[in-house]
Amino acid sequence: MTIELFIPCFIDQLYPDTAFNTVKVLEKAGCTVNYNPEQTCCGQPAFNAGFWDDAKTVGSKFLNDFKEDSVIVSPSASCTGMVRNYYNDLFTNTTSHNKCRNIQSNIYELSDFLVNILQVDYFGAELEGRAVYHDSCAGLRECKIKDEPRQLLSKVLGLELVDLKDNETCCGFGGTFAVKFDGISTAMAQQKVDNALAVKADYIISTDASCLLHLQGYIDKNNLPIKTIHIADVLAHGWGNV
């Protein structure tokens, strides 16, 4: 299958290795990956901050950067959820209405695409340690992803996946929420990390780099013995040992 890859600006700027690992995983699953280097942002930051006109401008570019009949895959439930759900508020009954609907029906978060579309869940990955999986708000509520990441992680050799208390509770990032309400945001991150430490986890894994950045910031500030890692990085880890 030939797919178009959407790498959110967040990953492009802060986690480029996750982008490259996404390509590796998709290619190992048998996909031909096309990437348009002109792509930028889906418009979510502006949308969440209430600047809908700016979000529509950025979103219009997104719609023009991708073909409406192509399958689009992204290593971000947050950005996938933005396109799938909130583009309705920006483009319904506009000249972009039909193209928007077609793209909305063809965009997938990475784990959803691998498990439900390609039906591939084993990549020969190896990662020694104990881990918890963090359900991001966007993954769980906007993309309806829950079992898919866990299915993929269950096939990673050496990785013990354990349950996380209050797993469906937000990590506290929430984009501008973390800036406007930093005290509450930090307390939510603390609760999430404390729950992971309570089950002696070595890793917190998620589909969303923004959640992981937030949690890793709290971890680093407090010198805690745990690490965050994106699911694409896990699936591309340890191939040299296979």
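Residues numbered from 1 in each chain as written. Predicted model: local features only at pLDDT ≥ 70, side-chain atom pairs only at ≥ 80, totals over all residues. Heavy atoms only, no water.

Notes on the nonpolar core
Here is step 1 of the chain: I3, L26, L114 and I205 are the most contacted members of the largest nonpolar core, which has 35 residues in total.
Here is step 2 of the chain: When residues of this core are traced back to their parent elements, those giving at least two are β1 (2–5), α2 (16–28), β3 (71–74), α7 (110–118), β5 (126–133), α9 (147–153), β7 (203–206) and α13 (231–235).
Here is step 3 of the chain: C42, L90, C100 and I103 belong to the second-largest nonpolar core, a separate cluster that totals 17 residues. (Core = buried A, V, L, I, M, F, W, Y, C linked by side-chain atoms within 4.5 Å. Buried < 20%, exposed > 50% of the residue type's maximum accessible area, 1.4 Å probe, protein only. Helix = DSSP H or I, 4+ residues; strand = E, 2+ residues; numbered from the N terminus.)

Here's the deal with the pairing of strand β8 (residues 227–230)
Here is step 1 of the chain: One ladder, built from four bridges, connects β7 with β8; its direction is parallel. Each residue of the ladder has a partner; that of I204, found in β8, is T228.
Here is step 2 of the chain: With respect to chirality, the unit in which β7 leads through helix α12 (residues 209–221) into the neighbouring parallel β8 is right-handed. (Pairing = 2+ DSSP bridges. Right-handed = clockwise from strand over helix to strand, strands pointing away.)

Remarks on helix α11 (residues 182–198)
Here is step 1 of the chain: For α11, which comprises 17 residues, the first-to-last C-alpha distance of 24 Å matches the rise-based estimate of 24 Å (1.5 Å per residue) to within 8%.
Here is step 2 of the chain: Buried within α11 we find S185, A189, K192, V193, N195 and A196. Buried residues of α11, viewed axially, fall in a sector of 155°; they line one side.
Here is step 3 of the chain: Residues of α11 that are buried sit in contact with β5, α10 (177–180), β7 and α12.
Here is step 4 of the chain: Count one or two residues on from α11 and you reach K200, which has phi positive near 60°. (Expected span 1.5 Å × (residues − 1). Arc of directions from axis to C-beta. Contact = heavy atoms within 4.5 Å.)

Looking at the UniProt feature "domain: Cysteine-rich" (unreviewed entry) in the protein
Here is step 1 of the chain: Here the UniProt-annotated "domain: Cysteine-rich" (unreviewed entry) positions come out as residues 5–83 and 132–216.
Here is step 2 of the chain: As annotated, residues 5–83 has a helix share of 57% and a strand share of 10%, and its two end C-alpha atoms lie 14 Å apart.
Here is step 3 of the chain: Between the C-alpha atoms that bound residues 132–216 there is a distance of 14 Å. The span itself is 49% helix and 14% strand. (UniProt positions renumbered as here; feature names shortened; annotations may be inferred.)

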